[in-house]
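Examining the three-dimensional arrangement
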Amino acid sequence: MTKLKYRRLLVKLSGEALLGKRADGIDPAMLDQLAAELQSLSQSGVELGCVVGGGNLFRGARLAAHGLDRVTGDQMGMLATVMNALALADSLSRQGANAGVMSGLDMPQVCDRYTQRDARRRIAAGEILIFAAGTGSPYFTTDTAASLRAIEIGADLMIKATRVDGIYDKDPLKHADAQRFDFLNLDEAIDRRLAVMDVAAMILCNDNGLDLVVCDINQSGALLDLARGKAIGTRVTCKEVTR
């Protein structure tokens, strides 16, 4: 077995990653595929946490345009992440993994309340923990929640698994001449407002020395390859990048 470079990872999955070929909701086949990728990581010896978004089920911005209160919309979005987390944990369990859900909101009949101490203990014991409901407070994205949870659990690296193969200087779906970055410095990504994560999330990473990688979740085995140190996607580092 190839030696692991990173022993503890935080994987951020967008809600859209669960769409598969559907326009909305959860694609069962895609759900099981994602669970298999996470299970493979865990079986290799990686200690694993995961934050999942809720955009496949609910986006508050659509209702906010018609007068929905921002706090109410954010709370509804948190509930959407809980649904996704429960579905992912169920798929992992069906595949034989030891998986659990911890929430930033108190939901004792549904999942466990997040605490840093319990999260670290359970991850160290080999459980795949899915962190839901963001930070538990409005005005913070699931990107920011992912950065926060990664720092709190002592992750060696954060992986943002998306439906594109890295970070570009402009939208590659709209511009044929878009250039992909292999490496970026976090300060540069923040200054240029590149579509990596929201600024608050990147500042958290930068201030706490946490590197992140943006990769394509549809690339089979990419997460395990990253854990083994293979260069995939775009790496965003706290250090100066030499080009």
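These remarks concern the structure in this document. (Residues numbered from 1 in each chain as written. Predicted model: local features only at pLDDT ≥ 70, side-chain atom pairs only at ≥ 80, totals over all residues. Heavy atoms only, no water.)

A few words on the overall build of the chain. Scanning the chain from N- to C-terminus turns up eight helices and 11 strands. Relative to a compact globule of 243 residues, whose C-alpha radius of gyration would be 18 Å, the chain shows 17 Å and is just as compact. Along the first, second and third principal axes, the C-alpha atoms of the chain reach 50 × 50 × 35 Å. Looking at the chain alone, contacts between residues at least 24 apart form 73% of all its contacts between residues at least 6 apart. Of the roughly 11,600 Å² of accessible surface on the chain, a fraction of 49% belongs to carbon and sulfur atoms. Charge separation in the chain, taken as the distance between the mean sites of 29 positive and 30 negative side-chain charges, equals 3 Å. (Helix = DSSP H or I, 4+ residues; strand = E, 2+ residues; numbered from the N terminus. Rg over C-alpha atoms; globule rule 2.2 N^0.38 Å. Contact = heavy atoms within 4.5 Å. Areas by Shrake-Rupley, 256 points an atom, 1.4 Å probe, with all protein chains shown as cover. Lys, Arg positive; Asp, Glu negative; His and termini not counted. Charge placed at Lys NZ, Arg CZ, Asp CG, Glu CD.)

Let us now look at the pairing of strand E11 (residues 234-237). Sheet topology note: the strand E9 (residues 183-185)/E11 ladder contains three bridges and is parallel. Across the sheet, Leu 184 pairs through a bridge with Val 236, a residue of E11. (Pairing = 2+ DSSP bridges.)

So, on to the environment of Asp 216. Tracing the backbone shows Asp 216 in strand E10 (residues 212-216). Between the C-alpha atoms of Asp 216 and Ala 161, which are 55 residues apart in sequence, the distance is 5.7 Å. Setting aside its immediate chain neighbours within four residues, Asp 216 contacts Thr 162, Arg 163, Val 164, Asp 165 and Ala 222. Among the polar contacts made by the side chain of Asp 216, one reaches the main-chain amide nitrogen of Asn 218 at a distance of 2.9 Å. (Polar contact = N/O pair within 3.5 Å; in protein donor to acceptor, adjacent residues only side chain to side chain.)

Before going further, it helps to spend a moment on the pairing of strand E1 (residues 8-13). Of all six residues making up E1, six are buried, and the element is well covered by its neighbours. In this sheet, strand E2 (residues 47-52) lies alongside E1 in parallel orientation, the contact comprising six bridges. By the bridge assignment, Leu 9 is partnered in E2 with Leu 48. (Buried < 20%, exposed > 50% of the residue type's maximum accessible area, 1.4 Å probe, protein only.)

Looking now at the state of the cysteines. Tallied over the full model, the rule gives zero disulfides. Between Cys 50, a free cysteine, and Cys 215, which holds the nearest cysteine sulfur, the sulfur-to-sulfur gap is 12 Å. Judged by its relative accessible area of 0%, Cys 50 is buried. The thiol of Cys 238 is not disulfide-bonded; the next cysteine sulfur, from Cys 205, is found 7.0 Å away. (Disulfide = S-S within 2.5 Å.)

Tracing the backbone through its elements, the reader meets Ser 91 in helix H3 (residues 70-94). When residues no more than four places from it in sequence are discounted, the contact partners of Ser 91 are Leu 31, Asp 32 and Ala 35.

This model, assessed by the stated rule, comprises one aromatic pair. Taking 5.5 Å as the distance between ring centres and 90 degrees as the angle between the ring planes, the aromatic pair formed by Tyr 114 and Phe 131 counts as edge-to-face. A residue pair is termed long-range when its members are at least 10 positions apart, and Tyr 114 in the loop between strand E4 (112-113) and helix H4 (116-124) and Phe 131 in strand E5 (residues 128-132) qualify at 17 residues. Phe 131 shares its class with Tyr 114; the two are buried. (Phe/Tyr/Trp six-rings, centres within 6.5 Å; stacked < 30°, edge-to-face > 60°.)

Right, let's get into the packing of H4 against helix H5 (residues 142-153). Following both chains from N to C, one finds H4 and H5 inclined at 70 degrees, their axes separated by 9 Å at the closest point. One way to sum up the angle between H4 and H5 is to call them roughly perpendicular. Between H4 and H5 lies a crossing whose hand is right-handed. Listed contacts from H5 to Gln 116, Ala 119, Arg 120 and Ile 123 of H4 are Ile 151, Glu 152 and Ile 153. Of the residues assigned to the contact of H4 with H5, the class counts are four nonpolar, one polar and two charged. (Axes fitted to C-alpha atoms, helices over the stretch in contact; angles between N-to-C directions. Parallel < 35°, antiparallel > 145°, perpendicular 65-115°, else oblique. Left-handed = near helix turned anticlockwise from the far one by under 90°. Nonpolar A, V, L, I, M, F, W, Y, C, P; charged D, E, K, R; others polar.)

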